[in-house]
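What follows is each chain in one-letter form.
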Amino acid sequence: MRLKREKQARNARILKHLFLIGMSCVMLYPLFWLVASSFKPENEIFGNLALWPTRFQLENYTKGWNALPLPFTVFYINSAIVTGLSVIGNLLSCSFAAYAFARLRFSGRNFFFALMMMTLMIPYHVVLIPQYVLFLQLGWVDTYLPLVVPRFLASDAFFIFLMVQFFRQLPRELDEAAMIDGCSPFKIYWAIILPLSLPAMGTAAIFSLIWVWEDFLAPLIYLNDIKSYTVPLALRLFLDQDGQSSYGQMFAMSVLSLVPVVIFFVLFQKLIVRGIATSGMK
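Only a predicted model underlies this, so the values are computations on that prediction, with no experimental measurement involved.

### What about the overall build of the protein chain?
When helices and strands are counted, the protein chain shows 15 helices and zero strands. What you see for the protein chain is a C-alpha radius of gyration of 24 Å, clearly larger than the 19 Å of a compact globule of 282 residues, by over 25%. Along the longest, intermediate and shortest principal axes, the C-alpha atoms of the protein chain span 80 × 70 × 35 Å. Across the 282 residues in the protein chain, those meeting the buried criterion constitute 37%. In the protein chain, 72% of the contacts between residues at least 6 apart in sequence involve partners at least 24 apart. Carbon and sulfur atoms provide 69% of the accessible area of the protein chain, an area that totals close to 16900 Å². Seen as two clouds, the 22 positive and the 15 negative side-chain charges of the protein chain have centres 17 Å apart.

Okay, structure coming up:
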């Protein structure tokens, strides 16, 4: 009887793993198709249903890098600047706000926290026109300021909520002991809370990097000069309304655009898992 139960449990585990492997293949198939299509000749991308290309064409990468009016290096640098500043701004400003909500006591704290959480339910398109009018009056249109400055003002409520959940789990005895030693609230934040919050900071950093690096709408609205285009806008330039679209080159550059995100995720994978597991995100 015991051997029968162990066999049933083993078969159940095998079926579960086979199911998970099958679902993983289904989810990863678009990525496999993208990588395979980046090596296919133009006439095989949509004309041949086979995933494996009949002839590998590396010219899609070499020609795609210089196919646009500017080398793709320019767009990579532009995206790196916007993404890097945005990640730094989100980590600094959102951690400041989260520290205030989680560790400090001030009048109206619960009200302002609830008000901040309500902004999560407001669609981005609702505030799009008022923001554009404001930035237009400030003379910031066609610059990176509308894409970067709001990140330094704790405009992403999701990251504030993520860090608040993490900060609340840290023992308050740490704050009390630091205050006895004469530490100010900022000193407690910088020397105690921040070093202990690396998992939450890593999670916020990877999410922020992915969202900003892949953002298409905001750069499309605020950037007009091709010299300041980011990677998503540059990929759109490969599509021609007259039917001369270079899909092979676009797919090749799309694959290269995923490299920074994948590298960042691999390097900080452990921090991300810890941050999600300890921040109440299920």
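### A few points about unusual backbone geometry
Even without glycine at this site, aspartate 142 takes up a positive phi of about 70°. Overall, aspartate 142 belongs to the partly exposed group, its relative accessible area being 31%. Even without being glycine, alanine 154 reaches a positive phi, approximately 55°. Secondary-structure assignment places alanine 154 in the loop between α7 (145-148) and α8 (157-167).

### Section: the packing of helix α4 (residues 72-103) against helix α10 (residues 185-196)
Viewed as axis vectors pointing N to C, α4 and α10 meet at an angle of 110°, and their least axial separation amounts to 11 Å. Judged by the angle between their axes, α4 and α10 are roughly perpendicular. The interaxial crossing formed by α4 with α10 has right-handed handedness. Judged by residue contacts, Leu92, Ser95, Phe96, Tyr99 and Arg103 of α4 engage Pro185, Phe186, Ile188, Tyr189 and Ile193 from α10. Grouping the amino acids of the contact of α4 with α10 by side-chain chemistry returns eight nonpolar, one polar and one charged.

### Topic: helix α5 (residues 109-118)
All buried positions along α5 are accounted for by Arg109, Phe113 and Met116. Taken end-on, α5 shows its buried residues confined to a sector of 60°, consistent with a single buried face. Facing away from the buried side of α5, by more than 90 degrees, are the exposed residues Asn110 and Phe111. The inward-facing, buried residues of α5 abut α4 and α8.

Conventions we followed
Residues numbered from 1 in each chain as written. Predicted model: local features only at pLDDT ≥ 70, side-chain atom pairs only at ≥ 80, totals over all residues. Heavy atoms only, no water. Helix = DSSP H or I, 4+ residues; strand = E, 2+ residues; numbered from the N terminus. Rg over C-alpha atoms; globule rule 2.2 N^0.38 Å. Buried < 20%, exposed > 50% of the residue type's maximum accessible area, 1.4 Å probe, protein only. Contact = heavy atoms within 4.5 Å. Areas by Shrake-Rupley, 256 points an atom, 1.4 Å probe, with all protein chains shown as cover. Lys, Arg positive; Asp, Glu negative; His and termini not counted. Charge placed at Lys NZ, Arg CZ, Asp CG, Glu CD. Axes fitted to C-alpha atoms, helices over the stretch in contact; angles between N-to-C directions. Parallel < 35°, antiparallel > 145°, perpendicular 65-115°, else oblique. Left-handed = near helix turned anticlockwise from the far one by under 90°. Nonpolar A, V, L, I, M, F, W, Y, C, P; charged D, E, K, R; others polar. Arc of directions from axis to C-beta.

So yeah, pure geometry; function would need other evidence.
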